[in-house]
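Here is what each chain is made of, one letter per residue.
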Amino acid sequence: MKKIGMIGLGCPKNQVDAELMLAKLQSDFQIADNIEDADLVIVNTCGFIDAAKQEAIETILTCGELKQQGVIQKILVTGCLAERYQNEIQAQMPEVDGVIGLGKNGDIVAVCHQLLDGENVSAFPDKYDLPLCGERVLSTPRHFAYLKIAEGCSNNCTYCAIPSIRGKMRSRPIEELVAEAQTLAKAGVKELVIIAQDVTKYGLDLYHKLMLPALLDALCKIDGIAWVRLLYCYPDCLTDELIDTIARQDKICNYIDLPLQHADRDILRRMHRAGDERSLLSLVEKLRARIPDVIIRTTFITGFPGETEEQFETLSRFTEEAQFDRLGCFAYSPEEGTAAAEMDGQIDDEIKQQRADIIMRQQYEIFEKKQQARIGKTYRVLVDGFDEENLLYLGRTYMDCFEIDSQVILSTEEELLPGQFVNAKIIGVNELDLVGEVVC
């Protein structure tokens with residue numbers, strides 16, 4: 001059997017697409033553990049912002065070098081970059097043998113056979129043909145999995161290319177999601193991370209009302225699932241019903257990923273987003289009042305077109321007032337085809353990055369104080385694995401998402417297994433990570 005290698009880039013939503021393709025491929029091919037062992041390499045790309053596009057291009061070029069050396073035979077490009085730049089990739093990168101759009105993912109087995117038989121493939125059917133369900137080969141640790149509850153986005157933020165790449169939002173039926181989650185639980189998954197471009201609008205297209213609370217209630221009934229975590233909760237649909245559901249259900253982590261992007265009213269309107277400094281601060285206060293020990297994570301964009309020094313100061317002040325538990329800040333990246341890229345008032349790259357650095361320095365001080373305040377407290381920790389180099393176990397509390405946030409470095413003489421829950425008393429802080437000792 002020929003061997004297929006997969007390089008997955010980008011966000012968890014793209015990762016789920018790769019897992020669906022891998023499950024189809026294993027019927028006809030061996031899945032290579034190392035790219036160098038593969039006959040054909042699939043590069044499942046991200047094409048969201050400049051940094052992601054650059055990473056994808058560099059990865060393809062690296063595979064091209066392996067092909068030139070005779071290590072691999074064929075290169076296939078899939079994912080968002082392929083969907084977004086359908087004609088440019090093969091025209092500008094002759095080392096690539098095939099490029100397919102998202103709607104062709106369901107035919108990945110046939111495409112790989114064509115390539116290995118010597119054909120070049122370029123196919124871009126309707127993006128709405130992208131498979132949203134099916135068997136998956138998990139690329140995460142066995143005890144952790146993403147559950148993609150919807151595809152695409154209908155928010156049309158002016159800086160974002162996702163609607164043009166992946167189409168409008170389309171929710172998956174509750175019954176289908178529950179069945180998939182049950183399968184994951186039987187396979188040993190303990191933590192289920194709910195993802196979509198905007199999870200809070202789940203069901204609006206399919207059921208004509210917001211259905212995330214109902215979905216969460218159904219998922220919490222599944223035996224074996226211990227933690228349910230929400231990513232990408234937009235502020236305008238964080239309803240009282242959803243907040244109450246998070247507070248009421250013990251399995252739902254008291255962790256809200258709330259991508260606010262800015263705090264100045266005029267900048268938010270230019271972004272095609274709701275809210276202002278006062279309303280967003282009120283939302284943060286409401287979440288903290290109604291969800292015990294809630295952890296709030298957010299993201300900001302600095303240097304959006306037209307952002308004045310005064311508007312940046314609004315964002316900086318908001319950062320100090322809100323005291324977010326987790327925060328990422330990024331310099332604005334103009335994406336071709338988006339409304340923001342054509343706006344007046346584009347800002348110099350150096351200024352954009354300087355502003356992002358200021359926010360991150362503010363947040364580092366906030367985060368450091370919050371981490372220090374956890375010393376002496378005991379938390380339930382999910383073990384993720386063992387650090388062979390330092391001979392220490394690594395895990396996470398409910399406060400941290402896998403590969404996004406910090407970790408707990410565990411000190412113990414016991415043997416621990418991935419997916420095991422332990423109680424750990426925090427005894428120190430190591431840079432961004434907590435240090436804990438396992439207690440009974």
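Residues numbered from 1 in each chain as written. Predicted model: local features only at pLDDT ≥ 70, side-chain atom pairs only at ≥ 80, totals over all residues. Heavy atoms only, no water.

### A look at the sheet that holds strand E16 (residues 392-396)
In step 1: The mixed closed barrel is built from 5 strands, whose spatial order is E15-E16-E17-E19-E18. Strand-to-strand twist of the sheet, defined as the mean angle between neighbouring strand axes without regard to direction, takes the value 50 degrees.
In step 2: Sheet analysis places strand E15 (residues 378-387) next to E16, joined by 5 bridges and oriented antiparallel. Pairing of Val383 across the sheet is with Gly395, part of E16. (Pairing = 2+ DSSP bridges. Helix = DSSP H or I, 4+ residues; strand = E, 2+ residues; numbered from the N terminus. Axes fitted to C-alpha atoms, helices over the stretch in contact; angles between N-to-C directions.)

### What about the packing of aromatic side chains?
In step 1: Enumeration according to the criterion identifies 9 aromatic pairs in this entry.
In step 2: Ring geometry for Phe144 against Phe402: centres 4.9 Å apart, planes inclined by 45 degrees, an arrangement best described as tilted. Here Phe402 lies in the loop between E16 and strand E17 (408-411) and Phe144 lies in strand E7 (residues 144-148), a separation of 258 residues in the sequence.
In step 3: What makes Phe144 buried here is its relative accessible area of 0%.
In step 4: Relative to Phe324, the ring of Phe300 lies with its centre 6.0 Å away and its plane at 80 degrees, an arrangement referred to as edge-to-face. Here Phe300 is found in strand E13 (residues 295-302), whereas its partner Phe324 is found in the loop between helix H12 (309-322) and strand E14 (326-331), with 24 residues between them in sequence. In terms of burial, Phe300 and Phe324 fall into one category: buried.
In step 5: In this arrangement the basic side chain of Lys13 is found over the ring face of Tyr232, its NZ or CZ atom lying 3.9 Å from the centre.
In step 6: Above the ring of Tyr255, the side-chain terminus of Arg229 is found at 4.6 Å from the ring centroid. (Phe/Tyr/Trp six-rings, centres within 6.5 Å; stacked < 30°, edge-to-face > 60°. Buried < 20%, exposed > 50% of the residue type's maximum accessible area, 1.4 Å probe, protein only. Lys NZ or Arg CZ within 6 Å of the ring centre and 35° of its normal.)

### With respect to the nonpolar core
In step 1: Counting residues in each nonpolar core, the largest one holds 68 residues, and the members touching the most others are Ile149 and Ile194.
In step 2: Ranked by residues supplied to this core, first place goes to helix H7 (residues 174-186) with 6 residues.
In step 3: Ignoring anything within four residues of it in the chain, the contact list for Ile194 reads Leu147, Ile149, Val199, Leu216, Leu219, Val228, Arg229, Leu230 and Leu231.
In step 4: In this structure, Tyr232, Cys253, Tyr255 and Leu434 belong to the second largest nonpolar core, which totals 29 residues. (Core = buried A, V, L, I, M, F, W, Y, C linked by side-chain atoms within 4.5 Å. Contact = heavy atoms within 4.5 Å.)

### Considerations on the packing of H7 against helix H8 (residues 212-219)
In step 1: Across the interface, H7 lies against H8 with an axial gap of 10 Å and an inter-helix angle of 30 degrees. In this view, H7 runs roughly parallel relative to H8, as classed from their interaxial angle. The chirality of how H7 crosses H8 is right-handed. Residues Ile174, Leu177, Val178 and Ala181 of H7 lie in contact with H8, whose contacting residues are Ala214, Leu215, Ala218 and Leu219.
In step 2: Taken together, the residues that form the contact of H7 with H8 break down as 8 nonpolar, no polar and no charged. (Parallel < 35°, antiparallel > 145°, perpendicular 65-115°, else oblique. Left-handed = near helix turned anticlockwise from the far one by under 90°. Nonpolar A, V, L, I, M, F, W, Y, C, P; charged D, E, K, R; others polar.)

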